[in-house]
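# Examination of the molecular architecture
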Amino acid sequence: MKPNKFRDEARVLVMMEDDDETPPLAIQIEESANSSSSDLKTSEEDSVGVTVITGYLGAGKSTLVNYILNAKHGKKIAVILNEFGEEIGVERAMINEGDGDGGAIVEEWVELANGCVCCTVKHSLVQALEQLIERKDRLDHILLETTGLANPAPLASILWLDDQLESAVKLDSIITVVDARNLRVQLSEHRDSSSFPEAFLQIAFADVIILNKVDLVSNEASGPVASRVIEELEKEIRNINSLAEIIHSVKCEVNLSKILDRKAYDAKQLAHLETLLKETESLSTSNIHDSNVRTLCITEHRQVDLDKVRLWLEEILWEKKYNMDVYRCKGVLDVQNSAQLHTIQAVREIYEIVPARRWQEKEERVVKIVFIGSA
Ligand SMILES: Nc1nc2c(ncn2[C@@H]2O[C@H](COP(=O)(O)OP(=O)(O)OP(=O)(O)O)[C@@H](O)[C@H]2O)c(=O)[nH]1
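What counts, and at which threshold
- Residues numbered from 1 in each chain as written.
- Predicted model: local features only at pLDDT ≥ 70, side-chain atom pairs only at ≥ 80, totals over all residues.
- Helix = DSSP H or I, 4+ residues; strand = E, 2+ residues; numbered from the N terminus.
- Buried ≥ 20, exposed ≤ 12 C-beta atoms within 10 Å, placed from the backbone.
- Contact = placed C-beta atoms within 7 Å.
- Core = buried A, V, L, I, M, F, W, Y, C linked by C-beta atoms within 7 Å.
- Domains from an automatic or database assignment.
- Nonpolar A, V, L, I, M, F, W, Y, C, P; charged D, E, K, R; others polar.
- pLDDT = per-residue confidence, 0-100.
- UniProt positions renumbered as here; feature names shortened; annotations may be inferred.
- Arc of directions from axis to C-beta.
- Pairing = 2+ DSSP bridges.
- Expected span 1.5 Å × (residues − 1).

Looking only at helices and strands, the chain features eleven helices and 15 strands. Evaluated residue by residue, the chain yields a buried proportion of 41% over its 375 residues. For the chain, restricting intrachain contacts to residue pairs at least 6 apart in sequence, the fraction spanning at least 24 positions comes to 72%.

Here's what the structure looks like:
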């Protein structure tokens, strides 16, 4: 069995999806004395990154996939089109042959069992990923395009921590494409309806948000007015999720280094996390958006007891003690009796706290935790 970074580095706490109402399963695994850092490195390098592409109907998800497949990156990229719904039983996988020149796109059909969001989709998704990895000797990356109404939560949980997949694939990031012209309407429609707010969830779970179709905003308004509209949209997005990087685009033509190999779930990749946490400085619990999906930020300048943090986090994530349903949480901790900066990551009920690097001598030590969820 390949070493699993979660097993080897951290106490692992796993809770099943809400949907199956299975009691939480808590496993404590001590740091392994046998695992060398080179083992871990090899396993991480071997695993194929999965980028989940989500976004509202018509926002530009397929445009982004096509742009990535046809760009000159020399990578061999597989795409899984994931149709979530009771009716849908077939998912399609395309593989870019990656000859360094964009490459031919080969379409393949992967037959999968019927599935609805939860266990069956989990099973078929895991199968699809396994099939892709088995069949191709060299696969650099996988794109998983979801349908416009998909809630990315189950996907994020499955991909982030799945025993079946072990270290064969790893969740790289969740990219949400939003339509700059229609976002306002889409959000307010959901605000006024009792339907499940996928548009909010897609933004809440994103690591990167592509604010697409900015050309349509510019076509409709003069320069300064269009800039103000875009600024307002950004503000609206930040109020829901202050941790995502926002990139503007026309036809999803974005700098690929911003969206591929992001390693948003890798506890050792601190650069993005630290920048994003810094930018979240100005937001506080008083910054309440009129939607019920929001970002809350807690900052402390004292060391914390790791066991107490775990208990507190479990109360929040599992028992919903403070009436917040947390979708995503990221943060850094200054832990008592430790010279290491620890990172926190959570996706719904699953969380991980990992020592990431040594605090530097003159660095200001801080505890900063950002929650994105609904209250
Ligand atoms: N003007 C303009 N049109 C765009 C842009 N990006 C995408 N489109 C168009 O918007 C339409 C929808 O784009 P898709 O990529 O199919 O969107 P999608 O999110 O995959 O759509 P669904 O799969 O139906 O949810 C297409 O006609 C695109 O050509 C953009 O930046 N500007």
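Past the structure itself, the notes keep going.
On to the nonpolar core, then. Ranked by size, the top nonpolar core spans 83 residues in total, and within it Ile142, Val178 and Ile210 carry the most contacts. Looking at this core, you find at least three residues from each of domain 1 (48-258) and domain 2 (270-281 + 291-374).

Positioned with a positive phi, Lys251 is a non-glycine residue whose angle comes to about 55 degrees. Note that Lys251 resides in the loop between strand 10 (245-248) and helix 10 (270-279). Overall, Lys251 belongs to the partly exposed group, with 13 C-beta atoms counted inside 10 Å.

Moving on to the domain arrangement of the chain. Each domain of the chain was delimited in the assignment, giving domain 1 (48-258) and domain 2 (270-281 + 291-374). Counting residues at the interface gives 17 residues for domain 1, matched by 14 residues for domain 2. Of all the elements in the fold, those that place two or more residues in the side of domain 1 that touches domain 2 are helix 5 (153-160), helix 6 (183-192), helix 7 (198-204) and helix 9 (223-240). Of the residues belonging to the side of domain 1 that touches domain 2, the class tally is twelve nonpolar, four polar and one charged.

What follows deals with the confidence of the model for the chain. Low-pLDDT stretches of the model should not have their predicted coordinates read in fine detail. Per-chain confidence: the chain averages 72 in pLDDT, with 64% of residues scoring 70 or above. Least confident of the elements in the chain is strand 1 (residues 13-14), whose mean pLDDT is 24; most confident is strand 9 (residues 208-212), at 97. Across residues 1-42 the pLDDT falls below 50, and counting only partners more than four positions away or on other chains, this stretch makes 53 contacts in the model. In the predicted structure, residues 85-92 sits below a pLDDT of 50 and forms 18 contacts with residues beyond four places in sequence or in another chain. Predicted as a complex, the structure gets a pTM of 0.75 and an ipTM equal to 0.98.

Turning to the UniProt feature "domain: CobW C-terminal" (unreviewed entry) in the chain, a few remarks are in order. The sites that UniProt annotates as "domain: CobW C-terminal" (unreviewed entry) are residues 294-374. As annotated, residues 294-374 comprises 15% helix and 52% strand, and the C-alpha atoms at either end are separated by 6 Å.

We now examine helix 3 (residues 61-70). Those residues of helix 3 that sit buried are Lys61, Leu64, Val65, Ile68 and Leu69. The arc that holds the buried residues of helix 3, viewed along the axis, is 130 degrees, so those residues lie on one side.

In this section: the environment of Val332. With respect to the helices and strands, the residue Val332 is situated in strand 12 (residues 325-334). According to the C-beta neighbour criterion, Val332 is buried, with 22 such atoms within 10 Å. Residues Val332 and Lys72, 260 residues apart in the sequence, show an inter-C-alpha distance of 36 Å.

Turning next to the pairing of strand 8 (residues 169-179). Taken across its eleven residues, strand 8 has eleven buried, putting it largely inside the fold. Judged from the eight bridges that link them, strand 3 (residues 48-55) and strand 8 form a sheet pairing that is parallel. Bridging from a neighbouring strand, Val50 pairs with Leu171 of strand 8. Relative to strand 9, strand 8 runs parallel, the two sharing five bridges.

Bringing the pairing of strand 12 into the picture now. Across the ten residues that make up strand 12, a large majority, nine, are buried. Relative to strand 15 (residues 367-374), strand 12 is paired through seven bridges, and the arrangement is antiparallel. Paired with Cys329 across the two strands is Phe371, which belongs to strand 15. The sheet contact formed by strand 12 and strand 13 (residues 340-347) spans seven bridges and is antiparallel. Residue Val332 lies in a different strand from strand 13, and its bridge partner there is Thr343.

Attention shifts here to the environment of Ala267. Here Ala267 is to be found in the loop between strand 10 and helix 10. C-alpha separation for the pair Ala267 and Glu232, spaced 35 residues apart in sequence, amounts to 32 Å. The contact partners of Ala267, leaving out residues within four places of it in the chain, are Thr343, Gln345, Glu352, Val354 and Ala356.

Summarising the element assignment, Asn66 is placed in helix 3. Classification of Asn66 as partly exposed rests on a count of 16 C-beta atoms within 10 Å. Sequence spacing of Asn66 and Cys252 is 186 residues, and the spatial spacing of their C-alpha atoms is 9.3 Å.

A separate point is helix 11 (residues 306-317). Spanning twelve residues, helix 11 covers 16 Å between terminal C-alpha atoms, matching the ideal 16 Å at 1.5 Å per step. Restricting attention to buried positions, one finds in helix 11 the residues Leu313, Ile316 and Leu317. Seen along its axis, helix 11 keeps its buried residues to an arc of 85 degrees; they face one direction. Seen from the open side of helix 11, the exposed residues pointing more than 90 degrees away from its buried face are Asp307, Lys308, Leu311 and Glu315. Those residues of helix 11 hidden inside the fold are in contact with strand 12, strand 13 and strand 14 (350-358).

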